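Below, each chain spelled out in residue letters.
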Amino acid sequence: MATTSEVAIAQQRGRLELPCTTERWLQEALEPSGITLLPITAQIAYEAVNLSPVHKDPFDRLIIATTVVYKAKLASIDGLFSKYSELDTYLMK
């Protein structure tokens, strides 16, 4: 869910241009992809606050904590993600 918020904020601030509304774009991008959105739980919020102090972006910290809590694979081009020892077994390279 943090990633969808980042897309909406980037579009709203003019850093991302979408061919339609953000809501429609997210729906059309997610449905056929088979991607499942994972809810942000109290445990994820707690883990995000207690991660190594590498990244200050709260959305990225939520993405990392979600990955760790759900033991999911994470694909990212953010170079700071590889500096998190917590992601050693989850970050796709």
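Residues numbered from 1 in each chain as written. Predicted model: local features only at pLDDT ≥ 70, side-chain atom pairs only at ≥ 80, totals over all residues. Heavy atoms only, no water.

With respect to the overall build of the protein
Secondary structure summary: the protein contains four helices and zero strands in total. Its helices and strands in sequence order give the protein the pattern α-α-α-α, from N to C terminus. When its C-alpha atoms are laid out on the principal axes, the protein stretches across 40 × 30 × 25 Å. Expressed as a percentage of its 93 residues, the buried residues of the protein come to 28%. Taking contacts inside the protein between residues at least 6 apart in sequence as the whole, the part at least 24 apart equals 36%. Counting only carbon and sulfur atoms, one obtains 56% of the accessible surface of the protein, whose full area is about 6,500 Å². (Helix = DSSP H or I, 4+ residues; strand = E, 2+ residues; numbered from the N terminus. Buried < 20%, exposed > 50% of the residue type's maximum accessible area, 1.4 Å probe, protein only. Contact = heavy atoms within 4.5 Å. Areas by Shrake-Rupley, 256 points an atom, 1.4 Å probe, with all protein chains shown as cover.)

Some details on the nonpolar core
Within the largest apolar cluster, nine residues are counted, these being Leu-51, Ile-63, Ile-64, Leu-74, Phe-81, Tyr-84, Leu-87, Tyr-90 and Leu-91. In contact with Leu-87, not counting residues within four places along its chain, are Ile-64, Thr-67, Val-68, Leu-74 and Phe-81. (Core = buried A, V, L, I, M, F, W, Y, C linked by side-chain atoms within 4.5 Å.)

Quick word on helix H4 (residues 58-70)
Taking 1.5 Å of rise per residue, the 13 residues of H4 would be expected to cover 18 Å, and the 18 Å separating its terminal C-alpha atoms lies within 8% of that figure. Here H4 has its buried residues at Asp-60, Arg-61, Leu-62, Ile-63, Ile-64, Ala-65, Thr-66 and Thr-67. Where H4 begins, the capping side chain belongs to Asp-57, and its oxygen is found 2.7 Å from the backbone nitrogen of Phe-59. In the segment just after H4, Lys-71 is the residue with positive phi, at about 55 degrees. (Expected span 1.5 Å × (residues − 1). Polar contact = N/O pair within 3.5 Å; in protein donor to acceptor, adjacent residues only side chain to side chain.)

Some words on the packing of helix H3 (residues 42-49) against H4
Contact geometry for H3 and H4: axes closest at 8 Å, N-to-C directions at 120 degrees. Here H3 is positioned oblique relative to H4, judged by the angle of their axes. Once H3 is placed against H4, the crossing between them reads as right-handed. Contact residues: H3 offers Gln-43, Ile-44, Ala-45, Glu-47, Ala-48 and Val-49, while H4 offers Arg-61, Leu-62, Ala-65, Thr-66, Val-69 and Tyr-70. Split into classes, the residues belonging to the contact of H3 with H4 amount to eight nonpolar, two polar and two charged. (Axes fitted to C-alpha atoms, helices over the stretch in contact; angles between N-to-C directions. Parallel < 35°, antiparallel > 145°, perpendicular 65-115°, else oblique. Left-handed = near helix turned anticlockwise from the far one by under 90°. Nonpolar A, V, L, I, M, F, W, Y, C, P; charged D, E, K, R; others polar.)

Quick word on the side chain of Thr-67
Here Thr-67 is to be found in helix H4. In this structure Thr-67 comes out as buried when scored by relative accessible area, which is 5%. Residues within four places of Thr-67 in sequence aside, it is in contact with Ala-72, Leu-74, Leu-87 and Tyr-90.

What about the side chain of Asp-60?
Residue position: Asp-60 is located in helix H4. No salt bridge is formed by the buried Asp-60. Its closest oppositely charged neighbour is Arg-15, at 9.3 Å. Dropping the residues within four chain positions of it, Asp-60 is found in contact with Glu-6, His-55, Asp-78 and Phe-81. (Lys, Arg positive; Asp, Glu negative; His and termini not counted. Salt bridge = Lys/Arg side-chain N within 4 Å of Asp/Glu carboxyl O.)

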